[in-house]
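One letter stands for each residue in the lines below.
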Amino acid sequence: MTDINWIPIVAALIGGGAAGAIITAIISTYRSRRQPIGRRIDIVPVFRQSNDSKSLRAKIAIAHENKINTFENLFLAEVQIVNRGNSDLQEFIFGVTLGKEDRCIFVETIAPDRHHNNIQTTLVTPDNPRSEIDFRLAPFNRGDSYALKMYVVIPANQIEPQEIKLGSSSPVKFIDMPTIVELLSNAALKVGPIRIG
């Protein structure tokens, strides 16, 4: 037994079936992971009431289907969704959930082109404001980007809308997409002992 040369035997095991099995297991794990979906939510105040009791009080009037609704404030929430995963999806169903008392009064869906559909499945109007809105994107291929514009009103005692959450029953995870300006503001350049940020 002392005359057995172990080096060629170990090399054959590593270079043969064992290495192939390990590589296959790594690739399978990578491909079956939860797909990352990029999200970016920007909130822009369109009309905000002042909390100062000495300032003028105003309301915004919105006309919809020959009816006028008035609100004390209005915010525009711009939502962008991007498939950052390695799988093409025939359709992707997800929902947007606003804060406890925040309400969406209108949604504008934006698809990248005529071959993509961004369908709002929950009816939202100024007469029927909602805090939970569902959407269906078809198709949602790798790299596809869809956008939504949500017109949001909040209670008079709040300053800004609460956090807007995205969710889906699909095996995905939502990841934040910072802008280039945000990335650059967090970046730092280190030259020798000097750090520029």
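Our subject is the structure listed above.
Here's what I pulled together on the structure shown here. Here the residue numbering is sequential within each chain, running from 1 through the sequence in written order. For this predicted model, a pLDDT threshold of at least 70 governs which residues receive local features, and a threshold of 80 or more governs which side-chain atom pairs are given and counted, while totals over whole chains, interfaces and linings are taken from all residues. To obtain the side-chain values, all non-hydrogen atoms of the structure were used and water was disregarded.

Section: the environment of Glu-65
To be explicit about the condition: Only runs of H or I of at least four residues qualify as helices and only runs of E of at least two qualify as strands under DSSP, and these elements are numbered from the N terminus.
Inspection of the secondary structure puts Glu-65 in the loop between strand 2 (60-64) and strand 3 (67-71). For the pair Glu-65 and Asp-127, spaced 62 residues apart in sequence, the C-alpha to C-alpha distance is 9.8 Å.

Some words on the sheet that holds strand 8 (residues 132-138)
We count it as follows: Two strands form a pair only when DSSP identifies at least two bridges running between them. Fitted lines through C-alpha atoms serve as axes, helices being fitted only where they are in contact, and the angles separating the N-to-C directions of these axes extend from 0 to 180 degrees.
The antiparallel open sheet is built from 4 strands, whose spatial order is 7-8-5-10. Of all the strands in the sheet, the pair left with one neighbour each is strand 7 (117-120) and strand 10 (165-167). On average, each strand axis in the sheet is tilted by 25° relative to the strand beside it, whichever way the strands run. Sheet topology places strand 5 (residues 92-97) next to strand 10; 3 bridges connect them, and they run antiparallel. Pairing of Thr-97 across the sheet is with Lys-165, part of strand 10.

Regarding unusual backbone geometry
Cut-off, in case you're wondering: Exposure is judged per residue with a 1.4 Å probe applied to protein chains only, and the accessible area is read against the type maximum: over 50% gives exposed, under 20% gives buried, and values in between give partly exposed.
Following Ala-138, the chain continues into Pro-139 via a peptide bond in cis, with omega recorded as -15°. For Pro-139, the location among the structural elements is in the loop between strand 8 and strand 9 (145-153). Although it is not a glycine, Glu-65 sits at a positive phi angle of roughly 50°. Owing to a relative accessible area of 66%, Glu-65 belongs among the exposed residues under this scheme. Despite not being glycine, Asn-66 shows a phi value in the positive range, around 60°.

Looking at the pattern of salt bridges
Stated formally: Salt-bridge detection follows one rule: a side-chain nitrogen of Lys or Arg within 4 Å of a carboxyl oxygen of Asp or Glu.
Under the criterion given, the structure shown has 5 salt bridges. For Asp-176, the salt bridge goes to Arg-39, with nearest N and O atoms at 2.8 Å. Of this pair, Asp-176 sits in strand 11 (residues 172-176) while Arg-39 is found in strand 1 (residues 35-47), placing the two residues 137 residues apart along the sequence. We classify Asp-176 as exposed; its relative accessible area is 57%.

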